[in-house]
Structure formats: C-alpha cells, structure tokens
Amino acid sequence: MTELLNGKGLSLVPKTDAKQSLKDFKSDQEVRWCPGCGDYAILAAVQSFLPELGLRRENIVFVSGIGCSSRFPYYLNTYGFHSIHGRAPAIATGLAASRPDLSVWVITGDGDALSIGGNHLIHALRRNVNLNILLFNNRIYGLTKGQYSPTSEVGKITKSTPMGSLDKPFNPISLAIGAEASFVARTIDSDRKHLQSVLREATAHRGTSLVEIYQNCNIFNDNAFEPLKDPEVRDDITLRLEHGQPIVSATKAVVRGDDGALAVVPRAEVGEERILVHDAHNPDPSVAFALSRLDEPAFEHVPIGVFRQVERPAYDVLMAEQLEESVAQQGPGDLSDLLMGGDTWRIG
Amino acid sequence: MTKQVQQLDRVIIRFAGDSGDGMQLTGDRFTAGTAEFGNDLSTLPNFPAEIRAPAGTLPGVSSFQLHFADHDILTPGDAPNVLVAMNPAALKANLGDLPRGADIIVNTDEFTKRNLQKVGYETNPLEDDSLAEWRVHAVALTSLTVKALEGFDLSKKDAERSKNMFALGLLSWLYHRPTEHTISFLQQKFAKKPEIAKANIAAFQAGWNYGETTESFSVSYEVKPAKLAPGVYRNISGNQALAYGLIAASVQAKLPLFLGSYPITPASDILHELSRHKRFGIRTFQAEDEIAGVGAALGAAFGGALGVTTTSGPGVALKAETVGLAVTTELPLIIVDVQRAGPSTGMPTKTEQTDLLMAMFGRNGESPVPIVAPMSPSDCFDAAIEAARIAVKYRTPVMLLSDGYLANGSEPWRLPEVADLPDISQEFTTEPNGEDGAFLPYRRDADTLARPWAIPGTAGLEHRIGGIEKADGTGNISYDPGNHDRMVRLRAAKIDGIDVPDLAVDDPDGDAKVLVIGWGSTYGPIAAAVRRIRKDGGKVAQAHLRHLNPLPANTGEILKRYDKVLLPEINLGQLALLLRARFLVDIISYNRVRGLPFKAEELAGVIQDVIDSD
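About the thresholds
- Residues numbered from 1 in each chain as written.
- Chains lettered and ligands numbered in written order.
- Predicted model: local features only at pLDDT ≥ 70, side-chain atom pairs only at ≥ 80, totals over all residues.
- Pairing = 2+ DSSP bridges.
- Helix = DSSP H or I, 4+ residues; strand = E, 2+ residues; numbered from the N terminus.
- Contact = placed C-beta atoms within 7 Å.
- Axes fitted to C-alpha atoms, helices over the stretch in contact; angles between N-to-C directions.
- Domains from an automatic or database assignment.
- Core = buried A, V, L, I, M, F, W, Y, C linked by C-beta atoms within 7 Å.
- Buried ≥ 20, exposed ≤ 12 C-beta atoms within 10 Å, placed from the backbone.
- pLDDT = per-residue confidence, 0-100.
- Nonpolar A, V, L, I, M, F, W, Y, C, P; charged D, E, K, R; others polar.
- UniProt positions renumbered as here; feature names shortened; annotations may be inferred.
- Right-handed = clockwise from strand over helix to strand, strands pointing away.
- Expected span 1.5 Å × (residues − 1).

*Asks:* Before we go on, may I ask you to explain the sheet that holds strand β23 (residues 588–591) of chain B in this structure?
*Replies:* To summarise the sheet geometry, strands pair through backbone hydrogen bonds and adopt either a parallel or an antiparallel arrangement. Residue and element names in this part refer to chain B. Read from one edge of the open sheet, five strands run β18-β20-β19-β22-β23, paired in mixed fashion. Two strands close off the open sheet at either side, each with one partner strand: β18 (505–506) and β23. Here three bridges tie strand β19 (residues 514–519) to strand β22 (residues 564–569), and the two strands are oriented parallel to one another. The partner of V514 across the bridge, within β22, is K564. The sheet strands contacting helix α20 (residues 600–612) are β19, β22 and β23, and the helix crosses β22 at an angle near 160°.

Below, the structure written as structure tokens:
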C-alpha cells in the first residue's frame with residue numbers, strides 16, 4: 001500500500017513493450033471541427049504525446065461532456081465515453097475510483113466544466129481522484145453557436161448578450177487552487193512543445209491534474225488569445241512558470257511588493273535577487289493563487305506553466321486502502337455469514 | 001398476588017412520544033424480543049422529518065407500531081390495541097386511531113399544565129371523562145424511573161432519559177416478552193458508559209417489576225409463537241434487505257459493487273449499510289450531488305462494476321439525464337428509488353407510490369427502462385437481485401421502486417440458502433465480433449438484443465460510446481433517419497423482450513368475479529383484506545405485479561378473465577393508467593395519498609363494495 005501511496009501518476013497502469021506511434025492513437029473517425037479550430041492542434045499534440053507514456057492503449061480512457069471539445073474521444077483509438085453536459089468529472093470519478101489500473105482523461109470546455117458542471121469539477125479537484133482534466137478554454141460557447149461563457153470577459157457582445165455580458169468571469173486557475181487542487185497548470189494550443197511539457201507533468205502527477213488550455217475558436221471568438229501568439233509581444237507578456245526558476249518574461253519580472261502582494265515590474269529595473277523564484281511544490285497555495293491573479297488586466301502579462309503541484313494521496317488509492325484494511329481486519333466477505341449475522345432464530 | 005394471564009392471537013402496540021424520547025429504539029427492542037419469542041410480526045415506524053421538533057408539540061411526535069401474532073400476518077395492523085403515550089402530544093396525535101376499549105398507558109408526569117397547553121388541551125384529559133371509552137393506565141413513568149435510579153451516579157436529566165426503558169420493561173411484562181436480549185443489547189450499546197448501561201437495565205427491570213406488583217395491571221397477555229415455515233429467521237427492514245440484496249447481487253454477478261449516492265430520506269440507510277461492508281469489495285461513494293452519484297455509478301459500470309445509485313423521488317428527477325445516457329450507451333445500472341410523498345420535497349418520511357410514471361417515462365426521448373417493485377420489506381432482498389439480473393443480462397438501467405413503508409417497516413425473514421441464489425453472472429466480451437478482427441460495440445445478441453460489454457483494459461476492443469445516436473452495429477455517430485428509427489425500436493424491443501415470470505393469480509376456487517391487483521408495498525394490506533373477504537365467505541381473486549416494465553406476458557389475459565378489476569394504489573391511479581392504456585380494461589381505481597399504507601379493513605370494505613355492485 002505504501003507503494004500505491006507513493007506511486008507516481010501512472011505507476012498502476014500497465015505498460016507495453018510494443019513501439020507506439022501517433023498513428024496508433026488515431027481512430028478511423030473523420031475529425032469534424034471547424035477548419036482552423038484550435039482543437040486540431042490540441043488533438044495532434046495529445047496523439048503525438050501518448051506514445052511517449054508507453055501505456056497499453058486499452059488502459060487509456062478519455063471521458064468528455066458536451067461541447068466542441070467533447071468530441072475529442074471519438075478521434076482517439078482508446079476507450080472513450082462521450083457523456084452529457086458537465087458530468088464528465090463525475091463519470092470519470094466512478095471509473096477511476098474503481099479502476100486504478102486505468103489512465104483516465106477528462107476532456108472539457110469552459111462552459112462544460114465551469115458552468116453546467118462547475119460542481120463536479122470542484123469536487124473532483126478536492127477529492128484528488130487520479131484524473132487528467134484538460135479544460136479547453138475558448139471563452140465562448142461554440143457548439144450552441146456563440147453565446148458568452150463563464151470565462152468571457154465582462155461586456156462581451158454575443159447573440160445572448162447584445163448589450164454586453166454582465167457577469168464577472170471565472171479565472172479557472174484561481175478556482176482550481178481554491179478548490180484544493182493538487183495540480184494546476186495553464187498552457188496554450190499554439191505552443192505544442194509547452195503543451196506537451198505540461199501534459200508530461202500532469203500525467204506524472206498522481207491525483208487530479210487540471211490543465212487549462214487556451215484554445216482559439218476561430219468562428220465565434222477569434223483571436224481571443226492573440227497577444228500570447230503574436231511574435232511582436234508574446235515574449236514580453238508571457239511569464240514562464242518553471243519550478244526553481246525566477247518568474248520572468250523577456251522584459252518583465254515578478255517581485256513581491258512592499259505590501260506583500262505580487263507585482264510585475266520591468267526586468268531591467270530589479271536585481272536577480274528580488275525576482276520571485278517559482279516553487280510549484282509549496283504546500284501553501286497563497287503564492288500560486290497570487291500568480292493566478294496576474295493576468296489582469298488582460299494580456300498585460302500572463303503566467304503560463306505549472307502553478308501548483310503538491311503530493312497528496314489520491315482518492316482511488318485511499319478507497320482501495322479502506323477495502324484492503326477491511327479485509328485484513330475482518331477477512332473477506334462471506335454472504336452466508338452476512339445474512340446469518342443478525343439476531344436469528346430457528347423454527348422447526 | 002397471582003395475576004390473570006389471558007391468551008390472545010394477536011396484538012397491535014403503538015409506542016408514541018416526543019422525537020427525543022427514544023420511541024424508535026423502544027419499538028426496535030420490543031420487536032427484537034418478539035422476534036426471538038417466535039411470533040410473526042410486522043412493524044411501522046412513523047416519525048417526523050425534523051430531527052428534534054420542539055419538545056412536547058404535535059409535529060414532534062414519533063411513533064412505532066408493532067403487530068405480532070401467533071399466525072402469519074401481512075401488515076403492521078390497522079388500529080392499535082395498546083397505545084403507550086409518553087406525553088399529551090403523543091396522546092392527542094394518536095387517539096384518533098384507537099378503537100374503543102383499547103388500552104392507553106400514559107406517562108402522567110408529562111401531563112403538566114404547560115404541556116397540555118402546548119397541544120391545546122384546555123383540561124387534563126386524564127382528569128375529565130374524555131377518555132372514558134378507553135382503558136387508561138396512568139403511570140408516573142418519569143418519576144418512577146428517577147426513583148428506581150436513585151442509587152446511581154446520574155443527573156436527574158440522565159435518569160429521566162431512561163423512562164423509555166421503564167416503559168419497555170412494563171410492556172415486556174405485560175406481553176411476556178423475553179428480557180435477556182434487551183439486557184445484553186443495553187450492555188453492548190453502552191459498553192463505554194457502564195453507569196448508563198446499568199441505569200437503563202435497572203429502569204427496564206423496574207418497569208417489569210412495576211407490572212408484576214402494581215394493581216393497575218391485573219391481567220397480562222400471552223401470544224403464542226407462530227407456526228411459520230421451518231428455517232432460520234431474522235427480523236429485517238426493507239432498506240437493510242435491499243442493501244443485502246445488492247451485496248448478494250454483486251456476489252452472484254461476480255462483479256464488484258460500486259454505489260454512487262447522495263444522502264436523502266428515506267434511502268440513506270442503504271448507503272450507510274453498504275458502506276459497512278467494504279470487505280465484499282464494495283466501494284461506496286458519497287457524491288457531491290444526486291447527478292454525480294448516478295454519474296459515478298455509470299462510470300464504474302463502464303469499467304465493469306455493478307453500478308448502483310440509491311435515492312428517493314427528488315433524486316430520480318435529478319438523475320434522469322444520466323439514466324437516459326445509460327439507456328443509450330446500454331450499460332448495466334441500478335437506480336433504487338425509495339419513494340416518498342411528493343411533489344417536490346413533499347413529506348420526506350411518509351410513504352407513497354407516486355414515482356411509477358416518472359420511472360416509466362421521466363426522461364427525454366424514447367428511453368424505456370425496466371421496473372421492478374418489491375412487495376414486502378424482506379422481498380427487497382430478492383427484488384434487488386432481480387433488478388441486477390436484468391441490468392447485467394440486458395445491459396440496461398433498471399429502476400427498483402421501493403418506498404418509505406417498505407424501507408423502514410420490518411418483518412421476520414426466512415433466510416435463503418446462499419447456494420440457492422441465482423447465478424446472474426455474464427461474461428465480458430473479450431474477442432472481436434466483426435469481420436477482420438473488428439469490434440462492433442452495438443452488434444447485438446440475437447436472443448436478448450443485449451450489446452457486448454467490453455471493458456477498458458481489454459486489448460483490441462477499444463471503442464467509443466456516448467449519448468449521440470449510434471449507427472446500428474458499429475456504434476459510430478449517426479444522424480441517418482432510418483438508423484435512428486431502427487435504434488429506437490431496437491432499444492424498445494430489448495426491454496419488451498426481457499424474460500419476466502408470468503403473473504400468478506390467487507383464486508382458490510377459480511370462480512371469483514372480481515380481481516384485486518396491486519404492485520409494490522400494497523401487497524400486505526391487499527392480501528390481508530382478501531383474507532377477510534374470504535373468511536366471510538366472499539370470493540375475490542388476487543394478483544400482484546412485481547415487474548412493472550415489461551409487464552408479465554399473461555397480464556392482459558388475466559385482467560380480461562374477471563368481470564371487474566380493482567386496483568388500489570397510493571397515488572392517483574398511475575398503474576391503472578398504464579393498464580387501461582395497454583389492455584383497454586376498465587380498471588376500478590382506489591386511491592388514497594395520505595403518506596400512510598392502506599389499512600386492511602379499509603380495503604376489505606372497498607373490495608366488498610366492488611363485489612356487491614353490479
């Protein structure tokens with residue numbers, strides 16, 4: 001059991017010796033997203049990343065909810081479950097909690113995970129079930145044709161908000177940290193290298209990994225993340241989070257201000273020693289939370305990478321442990337003993 | 001003084017008091033003694049949803065009714081022969097149910113001016129002649145208990161708390177119940193508080209001795225053991241039997257049980273019970289809400305577990321979308337609905353049969369679901385196994401409709417031999433079923449129309465399922481009109497083709513003109529009413545439906561065999577609607593929705609009226 005508790009992300013999932021390639025993970029189904037959709041890039045990144053894990057393909061399951069991103073499982077030649085709106089974390093929880101030998105992925109979007117399924121998401125995070133949750137955030141409802149989402153900026157003009165949306169958006173990273181998540185990261189569809197590096201860390205983590213992926217919807221919210229892709233500005237505004245490294249962009253640096261809050265200052269104006277060094281493993285979530293708030297005002301500077309990764313026993317392991325303990329203490333269940341176990345009497 | 005002993009064939013006792021007075025415990029202990037003694041019995045707990053309503057008020061009254069006899073009985077009894085009233089509220093709330101001449105044992109200590117006022121008694125009913133129709137035994141239960149515990153190191157309040165055990169002792173004397181069990185029970189319950197254990201035992205014995213010595217009880221009663229079928233028995237409630245049935249189903253299906261559930265009255269006890277049996281490999285998951293409970297169960301079923309969710313009506317409403325997903329993904333799933341009074345929150349602790357049409361139709365699209373309903377507390381065991389058998393064999397969600405009356409009521413249960421339980425296991429699919437090693441997740445078994453159940457971890461059978469319509473055979477997404485029509489009909493045909501046993505009719509002489517038919521928990525009162533009619537020379541046939549969907553193949557033939565068909569239901573005619581629509585039979589409905597089970601006498605009157613009418 002100690003082995004289980006210490007087990008890294010996929011240590012319980014059977015491996016294969018067979019050489020795998022991207023092709024092995026492509027299903028025979030025609031991909032049906034709009035041409036130019038950011039989902040294509042994420043699919044290709046995931047398909048080319050999976051062989052790296054060397055897992056038996058049949059022990060990988062992708063579970064999704066409803067929305068454009070939730071079609072994802074159909075395109076992967078693994079086990080897949082395209083479920084109903086918002087409920088993928090709940091369904092995946094039942095699967096992962098009862099089958100620690102599976103690598104279970106949840107594919108979801110900002111509407112699916114943060115609106116209709118918000119409750120399931122936060123409870124999956126606090127339970128720390130062994131799941132990799134990829135949250136495709138395009139800040140819009142795509143499949144229902146363009147209404148604002150819970151991550152759309154205030155004042156968003158859409159079909160359902162002709163005078164602008166009124167509600168303050170969620171910051172998925174802040175939300176996840178607040179929900180006791182043990183692994184929280186952000187990446188972007190256009191940077192395959194970074195995306196795959198985050199997936200690598202997410203799969204190595206045993207417990208719930210939440211990966212927010214900024215994803216472009218070129219039909220209803222095109223260029224939503226353009227500043228992060230524009231070669232002119234992206235290196236200035238992207239704050240790379242790498243454990244043990246100072247948090248900087250090409251021109252900016254994160255420091256702790258006099259009031260204790262984090263501040264972003266011109267890199268040239270501060271000495272190296274003042275720059276905050278990223279500690280993803282800090283048990284105290286307050287700095288990770290403060291980092292998650294740095295992307296306001298929008299796109300002045302945006303942290304990218306793993307915000308938080310702390311070790312905490314995974315729910316499926318704890319659950320299995322109680323079952324084992326129970327057998328160790330009382331022996332395996334016997335139906336006849338159970339039925340006869342109360343106050344009984346005999347007639348005849 | 002030698003007291004007279006009178007023989008009775010049956011007795012109905014109701015213990016009533018404040019919800020903090022321990023009436024459920026008192027009733028449980030009296031039941032345990034009665035079961036041990038060998039009477040047949042049936043119980044009806046009745047309590048408010050509030051955990052502690054204001055003391056001494058009518059909404060705070062909790063009661064426990066027990067019917068025991070020297071012969072087999074079918075219901076907890078219509079009207080109590082004895083009422084134990086621990087305070088004025090308990091007296092007032094229950095007096096209306098007491099027939100003339102019944103015994104009333106009252107705790108006089110609680111009949112204070114203030115307590116009388118709380119429930120609107122202007123004068124003390126023990127002092128005016130308003131109780132003249134009954135035999136009142138005025139006992140100062142509280143002060144006698146306190147006096148009996150004088151030597152103990154207890155506060156007055158703690159001593160007063162033992163008054164329910166004094167009452168239990170008195171009743172145990174009055175009906176010659178064995179005492180050893182209660183004493184050892186108290187020793188175990190308060191093992192960590194030996195002083196409390198001793199005090200409760202002393203109060204119990206003081207109550208017994210009070211009966212033995214005082215002159216206000218001149219007669220005690222004996223009810224001989226019942227001649228039940230030979231076997232080993234235990235007393236069991238519906239919820240416990242249902243939990244055991246699910247465990248047995250898991251063993252007999254050779255599948256690990258996964259329960260996803262959210263606490264709700266009156267179903268929570270199934271979650272509690274199953275969570276205690278982890279050594280059977282049972283995973284119980286208390287989810288964040290009803291939807292997650294069923295979602296997790298369905299996810300576990302996809303992974304090869306026996307997925308179960310337990311709830312009541314409001315929870316079923318929330319789970320509907322996921323049940324629809326289980327219908328279309330054709331995965332085994334058991335949804336236990338312990339029905340309670342609705343609509344909305346309704347009356348959580350009161351019983352009803354009002355979820356039948358929701359179970360049948362409460363989902364979007366054509367989404368047929370098999371329905372099984374147990375007919376007695378112990379039958380919940382067999383019904384759970386039957387629900388699992390159907391779910392696993394046909395890869396379908398199954399609704400198991402229990403109710404509050406079955407859930408909390410109890411009766412002696414003749415234990416089955418484990419070796420006699422049905423083997424309900426099915427093989428997972430491990431080999432491709434198509435051309436060239438292809439796997440077709442929706443290629444059906446020709447006989448059952450069930451699709452293959454291939455679970456993650458099975459190499460070569462990787463496949464995707466989901467809520468979108470699937471092409472027949474391949475399971476790929478399909479919007480083809482003809483395919484959808486075919487799939488809708490295939491899913492319906494699969495459920496219609498489920499093998500359910502024929503409906504049996506109890507018609508001893510074969511010449512009855514009237515059939516009384518029911519479903520679920522009304523079996524007991526209907527059968528008791530039928531007995532009364534027959535005892536008086538009347539003729540009536542009885543049939544009881546356990547499978548509500550699909551109905552037994554001979555249902556229509558049986559309905560048409562009789563001149564008149566009477567259907568009592570604790571709803572406004574839900575099964576009647578289904579049977580009328582399906583078989584064009586002019587069913588006579590009898591409906592009461594009072595949150596309580598039918599009474600045998602009431603139904604006997606209704607049956608007699610139908611027999612007499614032309």
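*Asks:* Explain the domain arrangement of chain B to me, please; I cannot follow it from the model alone.
*Replies:* All names here are of chain B. Annotation of chain B at the domain level lists domain 1 (4–222), domain 2 (234–420) and domain 3 (505–612). Centre-to-centre separation of domain 2 and domain 3, based on C-alpha positions: 26 Å. Taken together, the contact pairs 23 residues of domain 2 with 20 residues of domain 3. For the side of domain 2 that touches domain 3, the secondary-structure elements that each account for two or more residues are α13 (356–361), β14 (371–372), β15 (397–403) and α15 (404–408). It is α13 that provides the largest number of residues to the side of domain 2 that touches domain 3, a total of three residues.

*Asks:* Hey, could you run me through the nonpolar core in this one?
*Replies:* Within soluble globular proteins, side chains that are nonpolar tend to cluster in buried spots. Core analysis: the biggest nonpolar cluster contains 255 residues, and V63 of chain A together with A384, A388 and L400 of chain B have the highest contact counts within it. For this core, the leading source of residues is helix α14 (residues 379–394) of chain B, giving eleven residues. Sequence-distant contacts of L400 of chain B, defined by excluding residues within four places in its chain, comprise I334, I335, V336, D337, V372, A383, A384 and A387 of chain B. In terms of nonpolar packing, the next biggest core, distinct from the first, is built from six residues, Y141, Y148, C217 and F220 of chain A among them.

*Asks:* Mind showing me how you'd approach the confidence of the model for chain B here?
*Replies:* Parts of the prediction with low pLDDT should not have their coordinates interpreted in detail. On average, residues of chain B carry a pLDDT of 96, and 100% of them reach 70 or more. Here the complex is predicted with pTM 0.94, and the ipTM for its interfaces comes to 0.97.

*Asks:* Please clarify how the interface of chain A and chain B should be interpreted in this entry.
*Replies:* A common way to express how large an interface is: the accessible area buried when the components associate. Listed per partner, the contact involves 52 residues of chain A and 57 residues of chain B. Mapped by element, the contributors of at least two residues to the side of chain A that touches chain B are β2 (79–82), α3 (88–98), α5 (118–127), α11 (315–330), α12 (335–339) and β11 (344–347) of chain A. Element by element, the count of residues in the side of chain A that touches chain B is highest for α3 of chain A, at eight residues. Across the side of chain A that touches chain B, the residue classes break down as 22 nonpolar, 22 polar and eight charged. Bridge analysis of β2 of chain A against strand β17 (residues 464–466) of chain B gives three bridges, and the strand direction is parallel. Paired with H82 of chain A across the strands is G466 of chain B, a residue of β17 of chain B.

*Asks:* What exactly am I supposed to notice about the UniProt feature "domain: Pyruvate/ketoisovalerate oxidoreductase catalytic" (unreviewed entry) in chain B here?
*Replies:* Residues given the UniProt feature "domain: Pyruvate/ketoisovalerate oxidoreductase catalytic" (unreviewed entry) here are residues 20–207 of chain B. Regarding residues 20–207 of chain B, the helix share stands at 42% and the strand share at 16%, and the terminal C-alpha atoms are separated by 20 Å.

*Asks:* Would you mind showing me how to read the pairing of strand β6 (residues 103–107) of chain B here?
*Replies:* Two faces make up the sheet, and in a regular strand the side chains alternate between them. Residues and elements named next belong to chain B. Most of β6 is tucked away: five of the five residues are buried. The side-chain alternation of β6 yields two buried faces, one formed by D103, I105 and N107 and the other by I104 and V106. The handedness of the strand β5 (residues 82–85) to β6 crossover, carried by helix α2 (residues 88–95), is right-handed. As paired strands, β6 and strand β7 (residues 135–139) are joined by five bridges and run parallel to one another. Along β7, the bridge assignment pairs I105 with H137. Taken together, β6, helix α3 (residues 113–118) and β7 form a β-α-β motif whose crossover is right-handed.

*Asks:* Honestly, helix α6 (residues 163–174) of chain B in this entry has me stumped. Any pointers?
*Replies:* All names here are of chain B. Taking 1.5 Å per residue as the helical rise, α6 with its twelve residues ought to reach 16 Å, and the 17 Å between its terminal C-alpha atoms agrees with that figure. Across the twelve residues that make up α6, a large majority, twelve, are buried. Among all positions of α6, only K163, N164, M165, F166, A167, L168, G169, L170, L171, S172, W173 and L174 are buried. Positive backbone phi, approximately 55°, marks H176, located one or two places after α6.

*Asks:* Would you mind going over the sheet that holds strand β12 (residues 306–311) of chain B with me for this structure?
*Replies:* A sheet is described by the order of its strands in space; here seven strands give the open sequence β11-β10-β12-β13-β15-β14-β21 (chain B), paired in mixed fashion. What marks the edges here is a single partner per strand, and that holds for β11 (283–286) and β21 (547–549) of chain B. Of the pairings in the sheet, the one linking strand β10 (residues 257–261) of chain B to β12 of chain B comprises three bridges and is parallel in character. Residue pairing for β12 of chain B: L259 of chain B is matched across the bridge by V308 of chain B. Each of β10 and β11 of chain B touches α3 of chain A; the most contacted strand, β11 of chain B, lies at about 150° to it.

*Asks:* Would you take a moment to explain helix α17 (residues 523–535) of chain B for this structure?
*Replies:* In an α-helix, one turn spans 3.6 residues; hence positions three or four apart end up facing the same way. All names here are of chain B. Relative to the 18 Å expected for 13 residues at 1.5 Å per residue, α17 spans 18 Å between its end C-alpha atoms, a close match to the ideal helical length. For α17, the full list of buried residues reads Y523, G524, P525, I526, A527, A528, A529, V530 and I533. Where α17 is buried, its residues meet β3 (40–46), β19, β20 (541–545), β22 and α20. One or two residues past the end of α17 sits G537, with phi positive at roughly 90°.

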